[in-house]
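# Fold and geometry: a report
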Amino acid sequence: MEPSWLETRWARPFYLAFVFCLALVLLQAIKLHLRRQRLLRDLRCFPAPPTHWLYGHHKLLQDDEIEKLSEIIEKYPCAFPRWVGPFQAFLYIYDPDYAKILLSRTDPKSQFPNQFLSPCIGQGLLNLDGPKWFQHRHLLTPGFHLNILKPYAEVMVHSVSTLLDKWEAMLITQHTTVEVFEHINLMTLDVLLKCAFTQDTNCQINSSTDPYVKALFEFNKIIFHRTQSFLGHHDIIFNLSSEGQCFQELSQVLHHYTEKIIQDRKKSLQDERKRDNTQERKYQDFLDVVLSAQAEHGDIFSDTDLSAEVNTFVVAGQDTTAAGISWLLYCLALNPEHQQRCREEIRGLLGDKPSTIWDHLEEMPYTTMCIQEALRLLPPVPSISRELNKPLTFPDGRVLPAGMNVILSIWGLHHNPAIWENPKVFNPLRFSPENSDQRHPYAFLPFSAGPRNCIGQKFAMIQLKVSMALILLRFEVTPDPTRPPILSPQIVLRSKNGIHLFVKKIP
Ligand code: HEM
């Protein structure tokens, strides 16, 4: 009898390979099935909006995510599980008591999207966890003391003035609207580079020549695309893509640039010491602060750590502050009566001497309330996430197991109708002392709270006040009704089509 094809010598290895692959696929399928069952079990006490078996909530939240979230928050108090495909889910929370419990713990940050930053900026405060994060945080906190920040106000005044001169020059030649986010983003970068390592790149006027500035903007763009693309989340796929290759080149540029600045600064400090001629520098920049932390604790603070922290300072502060200032301007453009009240308050304090602003930062109650209300309505960081390292019990008794990813939606918290009356309305008086008295301390969290709150929040508030004061003294802003912003809640809350405003010089 003829042997069957399976019994021929050449077919056997193929047959075995086929069976092996089939077994692998089956094993994987069982693993995924068990994973789904586990997630369904762990999240069963949290009702969720209807999901698609394959896309999860992707289709539901695809268009106009922010608007849909508003509806969900009204229907599902405190939290809802959000499914990303059939095998991944995380719990979205937007209740102040839930936020308090989460933020008082020290769970590590979720891998997404922080892992995307590490290859480029290194391991700094933003993406460190555990004892190393604690050491860095402890060493860097003095760098954000008011004494260190005070001279930065002058740097800010200078950079904002450059921005306003640019607008003035633009208005002479064209009478169109200005896409303010792009301009303000360059201005905040200008400030950060001066405060981080005293680099005057003139990037507001000539953004395309400095290699660091160019690399940083490209880096932000790639990170933005990567968070949007599902395939780009996978390291192997991303690294093989043209964007991934470009990202690696940019990482090199950023590393070399900061490395050179650090080595140059170390050398010049050594030279000064040798000549016993420690020149009084105009101000202590962030690099000085980190270098002195290294001098005292060299054993725990390496050169790599140093470079990562300086990069983190620039990356964490740039887009966030630019978004904060741009959204605030947008809110004031939509609300001219509040804009005018801020302008009068600022005029009364500064007159024609904007450079004296440091002395008046604590004396602008109305402007401060408008800043807070804009940070509530359009929080620059719309959400933050943690991966639980031990089970978490919420105040209502519901429990989540270790390993679950929890997203605190700052946007959801700030629009929660259970806390904020008419949450979509811009009303700065919500923040008057009498109206804030009874509010839950975790209801308003633009800078997060607890041990991992924003280390740069004082810096950011100073920059928001300085920018607003100087802009309102020279310009009036009104919205462009033909191009309303389309919200895009990524790592930073941006607008897909920019933030277009009419800016008019005040005579
Ligand atoms: C309006 C502007 C800003 C907003 C809304 C903002 C918001 C936040 C938020 C919500 C977090 C918590 C992130 C998390 O838990 O995952 C954070 C962390 C952080 N921010 Fe900011 N930030 C702003 C400006 C700045 C500035 C100007 C700097 C530095 C100069 C800065 C440096 C940092 C750093 C280093 C962390 C990580 C802190 C840690 O984990 O120890 N931020 N920020």
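Residues numbered from 1 in each chain as written. Predicted model: local features only at pLDDT ≥ 70, side-chain atom pairs only at ≥ 80, totals over all residues. Heavy atoms only, no water.

The subject of this paragraph is the overall build of the protein. Looking only at helices and strands, the protein has 18 helices and 11 strands in total. Since a compact globule built from 507 residues should have a radius of gyration of about 23 Å, the 26 Å found for the protein is in line with a globular shape. Each principal axis of the C-alpha atoms in the protein carries an extent, and together these give about 105 × 60 × 50 Å. Within the span of the protein, comprising 507 residues, buried residues form 50% of the whole. Restricting to contacts in the protein with at least 6 residues of sequence separation, those with at least 24 account for 73%. Working note: accessible area of the protein is about 25,200 Å², and carbon and sulfur atoms make up 58% of it. (Helix = DSSP H or I, 4+ residues; strand = E, 2+ residues; numbered from the N terminus. Rg over C-alpha atoms; globule rule 2.2 N^0.38 Å. Buried < 20%, exposed > 50% of the residue type's maximum accessible area, 1.4 Å probe, protein only. Contact = heavy atoms within 4.5 Å. Areas by Shrake-Rupley, 256 points an atom, 1.4 Å probe, with all protein chains shown as cover.)

Okay, the nonpolar core next. In this structure, W167, F197 and F219 are the most contacted members of the largest nonpolar core, which totals 125 residues. In terms of residue count, helix α13 (residues 303-334) provides more of this core than any other element does, 15 residues in total. Leaving out residues up to four positions away in the same chain, F219 has contacts with L117, C120, I121, F247, L250, L254 and V315. In this structure, C78, A79, A89 and L408 belong to the second largest nonpolar core, which totals 26 residues. (Core = buried A, V, L, I, M, F, W, Y, C linked by side-chain atoms within 4.5 Å.)

In this section: the site of the ligand. Neighbouring the ligand are 25 residues, the closest being W133, R137, R386, R452 and C454. A distance of 3.4 Å is found between an oxygen atom of the ligand and a backbone nitrogen or oxygen belonging to L125. If you list the elements that add at least two residues to the shell around the ligand, you get α6 (130-140), α13, β4 (383-387) and α18 (457-474). By residue number, the principal contributor to the shell around the ligand is α13, which donates five residues. Tallied by class, the residues present in the shell around the ligand amount to 15 nonpolar, six polar and four charged. (Near = heavy atom within 4 Å. Polar contact = N/O pair within 3.5 Å; in protein donor to acceptor, adjacent residues only side chain to side chain. Nonpolar A, V, L, I, M, F, W, Y, C, P; charged D, E, K, R; others polar.)

On to the coordination of the iron atom of the ligand, then. Coordination of the iron atom of the ligand by the protein comes from a single atom, C454 (SG), at 2.3 Å. For C454, the location among the structural elements is in the loop between α17 (433-436) and α18. (Donors = N, O, S within 2.8 Å, 3.2 Å for Na, K, Ca; no water.)

Before going further, it helps to spend a moment on the packing of α13 against α18. For the pair α13 and α18, the least separation of the axes is 10 Å and the interaxial angle reads 40 degrees. One element, α13, and the other, α18, form an angle in the oblique class. Relative to α18, α13 is oriented so that their crossing is right-handed. Along the contact surface, α13 presents F313, T321, G324, I325, L328, L329 and L332, while α18 presents F459, A460, Q463, L464, S467, M468, I471 and L472. Grouping the constituent residues of the contact of α13 with α18 by class yields 11 nonpolar, four polar and no charged. (Axes fitted to C-alpha atoms, helices over the stretch in contact; angles between N-to-C directions. Parallel < 35°, antiparallel > 145°, perpendicular 65-115°, else oblique. Left-handed = near helix turned anticlockwise from the far one by under 90°.)

Looking now at the sheet that holds strand β8 (residues 475-479). Adjacent strands of a sheet pair through backbone hydrogen bonds, lying either parallel or antiparallel. With antiparallel pairing, the three strands of this open sheet are ordered in space as β3-β11-β8. Both edges of this open sheet fall to β3 (178-179) and β8, since each of them pairs with a single strand only. For β8 and strand β11 (residues 500-505), the ladder comprises five bridges, and the chain directions are antiparallel. When the sheet's bridge partners are listed, T478 is paired in β11 with F502. Each of β8 and β11 touches α13; the most contacted strand, β8, lies at about 80 degrees to it. (Pairing = 2+ DSSP bridges.)

Before going further, it helps to spend a moment on the packing of aromatic side chains. Counted under the stated rule, the structure contains 20 aromatic pairs. Ring geometry for F46 against F394: centres 6.2 Å apart, planes inclined by 90 degrees, an arrangement best described as edge-to-face. Separated by 348 residues along the polypeptide, F46 in the loop between α1 (11-42) and α2 (58-62) and F394 in the loop between β5 (392-393) and β6 (399-400) bring together distant segments of the chain. The ring of Y366 carries the charged tip of R341 above its face, separated from the ring centre by 3.9 Å. (Phe/Tyr/Trp six-rings, centres within 6.5 Å; stacked < 30°, edge-to-face > 60°. Lys NZ or Arg CZ within 6 Å of the ring centre and 35° of its normal.)

UniProt's feature table lists "transmembrane region" (unreviewed entry) at residues 14-34, given in the numbering used throughout. Between the end C-alpha atoms of residues 14-34 there is a gap of 30 Å, over a span that is 100% helix and 0% strand. (UniProt positions renumbered as here; feature names shortened; annotations may be inferred.)

Position of P354 relative to the elements: it lies in the loop between α14 (336-350) and α15 (365-377). Judged by relative accessible area, P354 falls into the partly exposed class, the value being 28%. Considering only alpha carbons, one finds P354 and V466, 112 residues apart in sequence, at a separation of 8.7 Å.

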